[in-house]
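Observations on chain architecture
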Amino acid sequence: MSRIGRKPIVIPAGVEVAINGNEITVKGPKGTDHSTIHPLMTVSQQGNELLVTRPNDDKLARSLHGLTRTLINNMVVGVTKGFKKELEIQGVGYRAAKQGKDLVMNLGFSHQVVMPEIEGITIEVPDPNHITVHGIDKQQVGQFAAEIREKRPPEPYKGKGIRYVGEYVIRKEGKAGKGAK
């Protein structure tokens, strides 16, 4: 039995969960999130808890059990607390700014890189070298943060570029000078 899959999901106060067959809708203070689960999985609500069960011990059912529970739990956490990813920009002249709903970045190219805010995602720029991405969908927040990082990933020689806060970049030694052995 899956250890994660058999843990009940506690529904906090102020959160409504609607189960309609394979469709699950979660409403909370930060918004509404909905998802379709695999037909093998069964979700039942008992009081203020959700339980995910599987029909048998087939390999597919076992692999989907923990995944389904985690996805539903992420929906509940997203509508109550939300998710965020923080990025930092390193490099001389590299900076970010918010213009309306667009994120405008100077990343050493001959042009500015503009990324529009998408639905369900909020971008904050507390200072020119930090970007924060907020949202209720964990996958969407992570994907948008990865797309921002992709515009100028950190390079290994000087470490310039966009990285997640706390990310460690393995540095390489530069080219050896004349006469060095």
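Now for a look at the structure at hand. Quantities reported herein were computed from a predicted structural model and do not represent experimental measurements.

1. Some details on helix α1 (residues 59-80)
Taking 1.5 Å per residue as the helical rise, α1 with its 22 residues ought to reach 32 Å, and the 33 Å between its terminal C-alpha atoms agrees with that figure. Roughly 25° is the biggest bend found in α1, and it falls at H65. Positioned one or two residues after α1, G82 has a phi angle of 85°, which is positive.

2. Notes on the nonpolar core
Side chains of nonpolar character tend, in soluble globular proteins, to be buried together. Ranked by size, the top nonpolar core spans 19 residues in total, and within it L103, M105, I131, V133 and I148 carry the most contacts. Of all the secondary structure elements, the ones that give two or more residues to this core are β7 (83-90), β9 (102-106), β10 (113-116), β11 (121-127), β12 (130-135) and α2 (138-150). For this core, the element with the most residues is α2, which contributes 4 residues. Setting aside residues up to four positions removed in sequence, M105 forms contacts with R95, A96, Q112, V113, M115, I131, I148, K151 and I162. One finds V17, L50, V52 and V76 within the second-largest nonpolar core, a separate group that totals 18 residues.

3. Here we look at the packing of aromatic side chains
Summed over the entire model, instances satisfying the criterion amount to 0 aromatic pairs. When the ring centre of F109 is taken as origin, the NZ or CZ atom of R152, which lies over that ring, is 4.3 Å away.

4. Observations regarding the environment of N73
The topology assignment puts N73 in helix α1. Its relative accessible area of 22% is what places N73 among the partly exposed residues.

5. Looking at the sheet that holds strand β5 (residues 42-46)
Each strand in a sheet pairs with another by means of backbone hydrogen bonds, the pair being arranged parallel or else antiparallel. Taken together, 3 strands build an open sheet; the order of strands is β1-β6-β5 and the sheet is antiparallel. The open sheet is flanked by β1 (9-10) and β5, the only strands paired with a single partner. For β5 and strand β6 (residues 49-53), the ladder comprises 5 bridges, and the chain directions are antiparallel. By the bridge assignment for β6, V43 is matched with V52. Its contacts with the sheet put α1 on β1, β5 and β6, and the angle it makes with β6 is roughly 155°.

6. Quick word on the pairing of strand β4 (residues 31-36)
Summarising the sheet, strand β3 (residues 23-28) and β4 pair through 6 bridges and their orientation is antiparallel. Within β4, the residue paired with I24 across the bridge is S35. Taking the residues that link successive antiparallel strands as the turn, the β3-β4 hairpin has 2 residues.

About the cut-offs
Residues numbered from 1 in each chain as written. Predicted model: local features only at pLDDT ≥ 70, side-chain atom pairs only at ≥ 80, totals over all residues. Heavy atoms only, no water. Helix = DSSP H or I, 4+ residues; strand = E, 2+ residues; numbered from the N terminus. Expected span 1.5 Å × (residues − 1). Bend = angle between axes of the 7 residues up to and from the residue. Core = buried A, V, L, I, M, F, W, Y, C linked by side-chain atoms within 4.5 Å. Buried < 20%, exposed > 50% of the residue type's maximum accessible area, 1.4 Å probe, protein only. Contact = heavy atoms within 4.5 Å. Phe/Tyr/Trp six-rings, centres within 6.5 Å; stacked < 30°, edge-to-face > 60°. Lys NZ or Arg CZ within 6 Å of the ring centre and 35° of its normal. Pairing = 2+ DSSP bridges. Axes fitted to C-alpha atoms, helices over the stretch in contact; angles between N-to-C directions.

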